[in-house]
Amino acid sequence: MARVLLFGRLSDLAGWREREVAEAGSISALRALLAAEDPQLGAALAGPGVQVALDQAIVRGDAAIGPKAEVAFLPPMSGG
Amino acid sequence: MARVLLFGRLSDLAGWREREVAEAGSISALRALLAAEDPQLGAALAGPGVQVALDQAIVRGDAAIGPKAEVAFLPPMSGG
Amino acid sequence: MITLTDQPFDPGDLLSAFCAGRIEVGAIASFTGLARAEAGATTTLELEAYPGFTEAEIGKIAEQARARFAVDDLMICHRVGKIGPGEPVVFVATAARHRRAAFEACDFLMDYLKSKAPFWKKEHGPDGARWIEPRAEDHADISRWDKETPR
Amino acid sequence: MITLTDQPFDPGDLLSAFCAGRIEVGAIASFTGLARAEAGATTTLELEAYPGFTEAEIGKIAEQARARFAVDDLMICHRVGKIGPGEPVVFVATAARHRRAAFEACDFLMDYLKSKAPFWKKEHGPDGARWIEPRAEDHADISRWDKETPR
């Protein structure tokens with residue numbers, strides 16, 4: 001049961017900011033699951049400059065997601 | 001009756017900070033008068049980097065001193 | 001000290017606290033960023049952070065600043081949430097023996113905070129809200145630190 | 001606003017006042033100089049000014065800073081008289097639309113104030129008192145502004 005977090009325009013687009021996802025064992029599986037539910041969100045998550053943080057550390061490419069993991073999708077950071 | 005002001009190490013050297021001088025009609029005459037009274041002060045006033053302000057404006061070379069003038073001798077400024 | 005807060009803060013209070021009791025430091029530089037009204041075009045600025053991650057990322061840059069410049073201490077306070085025109089958004093203070101180090105560390109931290117720090121910014125105005133992407137000027141500012149060697 | 005004072009002041013109070021009500025400015029840089037104890041070598045710093053002349057000379061440089069950098073406002077407060085370790089000696093704040101201008105104007109004003117402003121400085125320590133001449137580093141700092149064009 002991983003926690004998934006969306007930030008910035010991604011949460012506006014999805015209509016949610018945080019949810020639990022049980023079925024995804026990897027980041028690629030999570031992307032596929034979210035894209036199946038909401039293709040527009042799926043495309044945005046794959047868009048330029050969107051980074052993924054697993055347990056608050058940026059990961060590039062794919063990675064396994066443990067049962068208590070926190071996965072965050074981060075659009076380009078604007079600074080403060 | 002011009003007012004004469006000394007700043008920084010000059011006033012420590014002279015033992016005074018401010019006095020009235022009646023007899024000097026120019027800066028050169030004032031320098032001569034002060035040097036006659038206190039040769040060590042006279043040398044310090046002529047030393048490198050010492051500037052003269054007449055009525056709060058820096059003057060270079062000689063200048064006439066009016067009866068209500070304020071003449072200040074300014075050693076090199078240290079900043080704050 | 002790195003703080004995120006959703007409450008208004010007074011940069012002067014932070015500066016007073018930061019200066020207090022420093023008898024060997026000499027130089028304190030600070031920067032305060034205020035939300036601009038843009039002549040009515042922006043009524044509210046909204047900043048989103050990723051709690052935990054955002055502080056940690058800023059902390060990494062703070063460590064870089066300490067290592068790169070001869071800085072004794074630093075303070076960063078960043079507002080999140082909805083911010084009205086004229087309200088402080090960010091406060092950075094740096095303490096060093098010499099003012100060049102204090103200024104450069106403060107400048108360096110602000111370039112990072114304004115262009116790369118993990119915040120997402122939305123401007124609310126009379127015509128609705130929009131998400132803001134980093135400005136070209138911010139990228140130019142931060143790229144200075146790649147090229148320059150410390151003076 | 002340019003102020004000389006023989007009383008202790010709190011830089012935070014000055015920064016609070018300087019920031020208040022600015023809804024179009026965006027960027028406030030400040031610098032606070034504190035008297036250093038130099039590990040006991042200096043017990044008191046004494047600064048002498050030429051009242052009237054000193055403010056006027058600082059005012060000329062403040063006008064240069066306004067003209068040279070895109071600065072909306074500035075504040076300079078300078079302590080005179082006897083100053084204990086850790087007490088603020090000088091506070092400069094600059095307000096601008098963009099932070100580069102605010103930082104550069106503040107840096108420029110401090111270089112002037114620390115090296116060329118009409119003050120005479122005496123350090124009182126356990127071995128007596130001595131008048132201080134400008135440091136080579138201060139001259140190097142201020143000469144930067146002769147060479148550089150505004151960025």
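Residues numbered from 1 in each chain as written. Chains lettered and ligands numbered in written order. Predicted model: local features only at pLDDT ≥ 70, side-chain atom pairs only at ≥ 80, totals over all residues. Heavy atoms only, no water.

### A few points about the overall build of chain C
Phase 1: The number of helices and strands found in chain C is 4 helices and 8 strands.
Phase 2: From first element to last, N terminus to C terminus, chain C shows the α and β order β-α-β-β-α-β-β-β-α-β-β-α.
Phase 3: Computed over C-alpha atoms, the radius of gyration of chain C comes to 16 Å, within 12% of the 15 Å expected from 2.2 N^0.38 for 151 residues, which places it in the range of a compact globule.
Phase 4: Each principal axis of the C-alpha distribution contributes one length, and for chain C these read about 50 × 35 × 30 Å.
Phase 5: Expressed as a percentage of the 151 residues in chain C, the buried residues total 58%.
Phase 6: The long-range fraction of contacts in chain C, counting pairs at least 24 apart against all pairs at least 6 apart in sequence, stands at 77%.
Phase 7: Surface summary for chain C: the accessible area is close to 6000 Å², and the carbon and sulfur share equals 54%. (Helix = DSSP H or I, 4+ residues; strand = E, 2+ residues; numbered from the N terminus. Rg over C-alpha atoms; globule rule 2.2 N^0.38 Å. Buried < 20%, exposed > 50% of the residue type's maximum accessible area, 1.4 Å probe, protein only. Contact = heavy atoms within 4.5 Å. Areas by Shrake-Rupley, 256 points an atom, 1.4 Å probe, with all protein chains shown as cover.)

### Section: the environment of Gly128 of chain C
Phase 1: Mapping Gly128 of chain C onto the fold places it in strand β8 (residues 128–132).
Phase 2: With 79 residues separating them in the primary sequence, Gly128 of chain C and Ala49 of chain C have C-alpha atoms 21 Å apart.

### Description of the sheet that holds strand β3 (residues 51–54) of chain A
All names here are of chain A.
Phase 1: Here 5 strands make up an open sheet; going across it, the order is β2-β1-β5-β3-β4 and the pairing mixed. Of all strands in the sheet, those with a lone pairing partner are β2 (18–21) and β4 (57–59), marking the two edges. Neighbour-to-neighbour, the strand axes of the sheet open up by a mean angle of 30°, direction not taken into account.
Phase 2: Pairing between strand β1 (residues 2–6) and β2: 4 bridges, direction antiparallel. Paired with Arg3 across the two strands is Glu20, which belongs to β2. (Pairing = 2+ DSSP bridges. Axes fitted to C-alpha atoms, helices over the stretch in contact; angles between N-to-C directions.)

### A closer look at the interface of chain C and chain D
Phase 1: Of the residues lining the interface, 46 residues belong to chain C; the matching set on chain D comes to 46 residues.
Phase 2: Both sides together, the interface formed by chain C and chain D hides about 3600 Å², and carbon and sulfur atoms give 48% of it.
Phase 3: Of all residues in chain C, Arg36, Arg99 and Phe103 of chain C bury the most surface against chain D, accounting for 20% of the area lost on that side.
Phase 4: The tally of links from chain C across to chain D stands at 7 salt bridges.
Phase 5: Applying the counting rule to chain C against chain D returns 19 residue pairs in polar contact (both at pLDDT 80 or more).
Phase 6: Of all the secondary-structure elements, those providing two or more residues to the side of chain C that touches chain D are α1 (11–19), β2 (27–34), α3 (99–115) and α4 (136–147) of chain C.
Phase 7: Among the residues forming the side of chain C that touches chain D, the class breakdown is 18 nonpolar, 9 polar and 19 charged.
Phase 8: As paired elements, β2 of chain C and strand β2 (residues 27–34) of chain D share 7 bridges and run antiparallel to each other. Opposite Thr32 of chain C, over in β2 of chain D, you have Ile28 of chain D as the bridge partner. (Buried area = accessible area lost by both parts, 1.4 Å probe. Salt bridge = Lys/Arg side-chain N within 4 Å of Asp/Glu carboxyl O. Polar contact = N/O pair within 3.5 Å; in protein donor to acceptor, adjacent residues only side chain to side chain. Nonpolar A, V, L, I, M, F, W, Y, C, P; charged D, E, K, R; others polar.)

### Let's talk about the packing of aromatic side chains
Phase 1: Counting across every chain of the model gives 14 aromatic pairs over all chains.
Phase 2: On the numbers, 5.8 Å between centres and 85° between planes, the contact of Phe69 of chain D with Trp145 of chain D is edge-to-face. Taken together, the residues Phe69 of chain D in the loop between α2 (53–68) and β4 (71–79) and Trp145 of chain D in helix α4 (residues 136–147) connect sequence positions 76 residues apart.
Phase 3: Owing to a relative accessible area of 5%, Phe69 of chain D belongs among the buried residues under this scheme.
Phase 4: One aromatic cluster is present, formed by Phe7 of chain A together with Tyr50, Phe53 and Trp120 of chain C through successive ring pairs.
Phase 5: Geometry around Phe18 of chain C places Arg22 of chain C over its ring, the cationic atom sitting 4.3 Å from the centre. (Phe/Tyr/Trp six-rings, centres within 6.5 Å; stacked < 30°, edge-to-face > 60°. Lys NZ or Arg CZ within 6 Å of the ring centre and 35° of its normal.)

### Digging into the layout of surface pockets
Residues and elements named next belong to chain D.
Phase 1: The space that makes up the largest pocket amounts to roughly 670 Å³.
Phase 2: Taken together, 32 residues make up the lining of the largest pocket; nearest its centre are Arg36, Glu38, Lys114, Lys121 and Glu123.
Phase 3: Among the secondary structure elements, those contributing two or more residues to the lining of the largest pocket are β2, β6 (88–96), β7 (119–125) and β8 (128–132).
Phase 4: Looking at the lining of the largest pocket, the element that brings in the most residues is β7, giving 4 residues.
Phase 5: Of the residues that constitute the lining of the largest pocket, the class distribution is 11 nonpolar, 9 polar and 12 charged. (1 Å grid on protein atoms, 1.4 Å probe; cavity = no way out; pocket = protein on both sides within 12 Å on 5 of 7 lines; lining within 4 Å. Points joined across faces, edges and corners; volume = space filled by probe spheres on them.)

### Some words on the sheet that holds strand β6 (residues 88–96) of chain C
Phase 1: Pairing in this open sheet of 8 strands is mixed, and the strands run β1(C)-β4(C)-β6(C)-β2(C)-β2(D)-β6(D)-β4(D)-β1(D) from one edge to the other. Every interior strand has two partners, whereas the edge strands, β1 (2–5) of chain C together with β1 (2–5) of chain D, have only one. Mean inter-strand twist for the sheet, computed between neighbouring axes without regard to direction, equals 10°.
Phase 2: Bridge count for β2 of chain C against β6 of chain C is 8 bridges, and the pairing is antiparallel. Residue pairing in the sheet places Ala27 of chain C in a bridge with Ala96 of chain C of β6 of chain C.
Phase 3: Running at roughly 155° to strand β4 (residues 71–79) of chain C, helix α2 (residues 53–68) of chain C makes contact with β1 and β4 of chain C of the sheet.
Phase 4: Sitting on the sheet, α3 of chain C is in contact with β2, β4 and β6 of chain C together with β2 of chain D, with an inclination near 150° to β6 of chain C.

### Remarks on the pairing of β8 of chain C
Residues and elements named next belong to chain C.
Phase 1: Relative to β8, strand β7 (residues 119–125) is paired through 5 bridges, and the arrangement is antiparallel. Among the inter-strand pairings, Glu123 is bridged to a residue of β8, identified as Arg130.
Phase 2: Where β7 folds back onto β8 in an antiparallel hairpin, the turn is made up of 2 residues.

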